[in-house]
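Tertiary structure, described
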Amino acid sequence: MPYERLLSLDERLAQAAARPVIYPETLIFDHGKPYQSDVVRRACRSWKIDIQDARKLKPTDKPHVERLFGTIREQFSMHVAGYKGFNVATRGRTVEEQARWSIDEIAEFFAEYVVAVYQQNSHSGLHLYGFPDLEVSPNEAYAMALGSAGFVDCPRDPNLYYELLPIADNGGRVINSYGVEINYLVYNAEVLYQFRKAKSPYPNELWPIRYDPRNLLHVYFHNPRDKKWYTLRWTHALSDLQPFTDITLREAKRLLVQRGADASKQTNIAQALRELQNRTDAPETWTKGTRKRWTRDRHRAHAQAADALRSIPAVPAPQPRHPFRRPASPPSPPCTPSQTCSTRTTTSISTPSSPPPCGTRAPTRRTKHVAAIAFPDDDPRYFEHPGLSEPRTKEEWRAYLDSEPPTKPDRLSLELYEQLSAKEKTLHNKARNAHHSALVIVRTAKMEAIHHQIRRRMVTNAHQPAGARRGIVLDGPATLGKSTLVKMFGYDFEHGLREEFPERFERSYRVDNRSIDYTPVVYVNIPSQATPKDLSIALADYMGMGYRSGATKSTITNRLLDEMRRCGVELVIIDDAHFMDLSLREGKVVNDHLKFIANHTAATFIYTGVDLKHSGLFLEGAGGSRVTQTSGRNTLLHIEPFSIETRQDKADWVSVIASMEDALVLYRHQPGTLKRAWKYLHQRTGGNISSLAELIRESAAEAVMTGAEAVDRKLMSSIVINENAQTTYDTSWHEEPQPPIVSSDPDDGETAAS
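What comes next is a walk through the structure. (Residues numbered from 1 in each chain as written. Predicted model: local features only at pLDDT ≥ 70, side-chain atom pairs only at ≥ 80, totals over all residues. Heavy atoms only, no water.)

**So, the overall build of the protein**
Along the backbone of the protein there are 26 helices and 16 strands. Put simply, the protein has 754 residues, and 41% of those count as buried. Long-range pairs, those at least 24 residues apart, make up 68% of the contacts in the protein with a sequence separation of at least 6. (Helix = DSSP H or I, 4+ residues; strand = E, 2+ residues; numbered from the N terminus. Buried < 20%, exposed > 50% of the residue type's maximum accessible area, 1.4 Å probe, protein only. Contact = heavy atoms within 4.5 Å.)

Below you can see the structure in the form of structure tokens.
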């Protein structure tokens, strides 16, 4: 606005206008990176401004800009305290002692110079029509033009701030069931509920999530349906956590790595940010000398660590953390009444730095330790289902790897439990139901043996010459836990790689404007009545690979093979292989297509399904010369229900029951009740571990809901489980079981399990 229209003036700004309002038609710039950024280009597209690159080493392409730089240096820069000049000859002697202005202060000084000095000087390039010898200043020319043409204040676009923000990963992210993950930080809001696993309307099939590097506490999502912007908050951001920049986040992760903590866990990051923001030496306050010293010390520390590693002998890798327990593991000791009373009347959540109370496991990602009456799944993702579905993408697989079962609540005394109020008892029962619902997945001897064979096969395939690798086929009746078995192996395998090569999971690179990250494990379910193209699409969707809707099978498959090679895929799990009906032509075609992918992938393939031996997988429905092609490449492993024919079989069955019984949190249950009913449980479930877990879970839930607080044979007899096990039990003859006597002496064969 001209100075006559301003309501109030500072003495320094007398006869000055406000900052100039310019609407350029063309933007000419050199090849500097700031001008070639995506933000500048999107802003020019939004304002319909043409972009033109100046030729290299041709200052005459922009002479006005070059001359302006000299004017600014002579009229402004050299008069600012701390000016160092453009060469050594023009630099003062004590220039470092004079420097005391911040970037924001310099920017404000420069804006004042523009409106109060530069625009008040007469310019030879400004002439009035009819007065060629009269030179005017930009302020005078702008005021006269405004007086003749008028001024229309166009409304500002309130969404312009969001549109000019950078996009995460320069392309977008996938909206998962738990929200949007950016740099190991999960952001969520209610608006994302309708877009979970929805197909993105954008060309790259990703959702452009925008963020402000100066405040990573929030990111911003544009709803294409109502055309509005929504703020997504970091799920682990507490009220006392201040906004933080990308520099602070990198420093927090560096400190976690330096301490030996997991820098991918949000709870660890939140705690590190809170500690870092309370420090006076945060990265935002660093000077140039401080950054140089920090970089020098970091390089020295890395060199010293490398030297130390060369002198340390190799040691076995630590056992990776795993949410599953082993058979007959001793239960945690119950809390004493004095320990329980301190948390009985209040709901509290311990921080990651405090040790967990007795009888509980240490808190890990996505779970928090809770007191006896608190929710074990207390999480800011309010509308997310607490359970996990079968993973269909690598993001869902990683969510499965990072998930932990609900925390086991403290076991109170019966007297203390009965003294709880109705609300406290409801909360405590909910925690117990959540724990019983997850229960434990027991590692049996058969499972460990199959895992060992898979590991041996992967070692054999690791450096095999080019060609088809040997795979493994897991065959057996339904509901025996084949999918759980292979997922547990994939869990162990990838967690082992995370501990051995953590840098692989922290790095990514871009190919064809796509982010490529390390994906060692692929897990897919074969769709019903699948075609070869459907199989390639299922694998492409898991890898997060974009493709055109009209792309051919060959195009998708070739891109898929390149993607799997770049991502370092080492293990491919094909579940529900029995959906390939090899009695039909389509089934044979799918099988041939699957063999083609296995031939061109340096990975080990594992297939699971029901009755695969007789489904035609090995005969391929054709016979002749093709009979041995699949059977010669894969090893068939059978999974059978538990048997109780031998002494060892009985001991294995009892150990599985004991592991599940030890996990129960019931106040009138007598330890050993389920172990004594081992033969009854085998008759009820047919030795099926899935049916056993179903029966015990249902019985535990019934004991809590009815107040029985104990699981015995009478209660289990009232529970109806799956139709297959129930029908087999109802039509068979039952005998009264004799309690097994488990001896501590392994040589006592007669009493080990009778």
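Okay, back to it.
**With respect to the sheet that holds strand E7 (residues 210-212)**
Read across the sheet, five strands follow the order E5-E6-E9-E8-E7 without closing on themselves; strand pairing throughout is antiparallel. Here the strands that pair on one side only, and so sit at the sheet edges, are strand E5 (180-182) and E7. Strand-to-strand, the axes of this sheet are offset by a mean angle of 35°, without reference to chain direction. Pairing geometry for E5 and strand E6 (residues 185-188), over three bridges, is antiparallel. For Val180, the partnering residue across the bridge sits in E6 and is Tyr187. Helix-sheet contacts for helix H8 (residues 266-277) involve E6 and strand E9 (228-234), and the interaxial angle to E9 is about 85°. (Pairing = 2+ DSSP bridges. Axes fitted to C-alpha atoms, helices over the stretch in contact; angles between N-to-C directions.)

**Quick notes on the pairing of strand E2 (residues 50-53)**
Sheet topology places strand E1 (residues 26-29) next to E2; four bridges connect them, and they run parallel. If you follow Phe29 over to E2, its bridge partner there is Asp53.

**Looking at the packing of aromatic side chains**
Each aromatic ring pair is characterised by the separation of its centres together with the angle its planes make. All chains considered together, the criterion is met by 21 aromatic pairs. Ring geometry for Tyr161 against Tyr220: centres 6.2 Å apart, planes inclined by 80°, an arrangement best described as edge-to-face. Here the residue Tyr161 occupies a position in helix H6 (residues 160-163), and Tyr220 occupies one in strand E8 (residues 215-223), the gap between them amounting to 59 residues. Classification of Tyr161 as partly exposed rests on a relative accessible area of 36%. Tyr220 sits in the buried class, given a relative accessible area of 9%. With a centroid separation of 6.4 Å and an interplanar angle of 5°, the aromatic rings of Phe489 and Phe493 are classed as stacked. Separated by four residues within a single helix, Phe489 and Phe493 lie in helix H15 (residues 482-500), roughly one turn from each other. By relative accessible area, which is 2% here, Phe489 ends up buried. Classification of Phe493 by relative accessible area gives buried; the value is 18%. Three or more aromatic residues joined by ring pairs make a cluster, and in this case those are Phe76, Phe110, Tyr113 and Tyr118. A cation sits over an aromatic face here: Lys425 above Tyr417, 5.0 Å from the ring centre. (Phe/Tyr/Trp six-rings, centres within 6.5 Å; stacked < 30°, edge-to-face > 60°. Lys NZ or Arg CZ within 6 Å of the ring centre and 35° of its normal.)

**Topic: the packing of helix H14 (residues 445-461) against H15**
The relative placement of two packed helices comes down to the angle between their axes together with the axis-to-axis distance. Packing of H14 against H15 brings their axes to within 10 Å, and their N-to-C directions diverge by 55°. Judged on the interaxial angle alone, H15 and H14 are oblique. Seen along the crossing, H14 lies across H15 with a hand that is right-handed. When H14 is examined against H15, the residues Met447, Ile450, His451, Ile454, Arg455 and Met458 are found in contact with a partner set consisting of Leu485, Met488, Phe489, Asp492 and Phe493. A per-class count over the contact of H14 with H15 returns eight nonpolar, one polar and two charged. (Parallel < 35°, antiparallel > 145°, perpendicular 65-115°, else oblique. Left-handed = near helix turned anticlockwise from the far one by under 90°. Nonpolar A, V, L, I, M, F, W, Y, C, P; charged D, E, K, R; others polar.)

**Concerning the nonpolar core**
Counting 59 residues, the largest nonpolar core has Leu474, Val522, Leu571, Val572, Ile574, Phe605 and Tyr607 as its most contacted members. Ignoring any residue separated from it by four or fewer positions in sequence, one finds Leu474 in contact with Ile450, Lys482, Leu485, Val486, Tyr607, Thr608, Gly609, Leu612, Leu637 and Ile639. Grouped together as the second largest cluster of nonpolar side chains are 32 residues, Val440, Phe642, Leu681 and Tyr729 included. (Core = buried A, V, L, I, M, F, W, Y, C linked by side-chain atoms within 4.5 Å.)

**So, the pattern of salt bridges**
Scanning all chains against the criterion turns up 17 salt bridges. The partner of Asp517 in a salt bridge is Lys394, and the shortest N-O contact between them spans 2.8 Å. Residue Asp517 is located in strand E12 (residues 514-517), and its partner Lys394 is located in helix H11 (residues 394-402); the two are separated by 123 residues in the primary sequence. The same class applies to Asp517 and to Lys394, which are both buried. The residue Asp517 makes a salt bridge to Arg398 at a minimum N-O spacing of 3.0 Å. Of this pair, Asp517 sits in strand E12 while Arg398 sits in helix H11, and the two are 119 residues apart along the sequence. On the accessibility criterion, Arg398 (22% relative accessible area) is partly exposed. (Salt bridge = Lys/Arg side-chain N within 4 Å of Asp/Glu carboxyl O.)

**Re the sheet that holds strand E10 (residues 471-476)**
Hydrogen bonds between backbone atoms are what pair the strands of a sheet, whose relative direction is either parallel or antiparallel. The strand order across the open sheet formed by five strands is E13-E14-E15-E10-E16, and the pairing between neighbours is parallel. Taken across any chain shown, the strands that pair with only one partner, and hence form the sheet edges, are strand E13 (521-525) and strand E16 (634-638). Strand after strand, the sheet turns through a mean of 15° between neighbouring axes, direction not considered. Sheet analysis places E10 next to E16, joined by five bridges and oriented parallel. Bridge pairing in E16 places Val473 opposite Leu636. Strand contacts of H15: E10, E13, strand E14 (571-575) and strand E15 (604-610), with the helix running at about 160° to E13, the strand carrying the most contacts.

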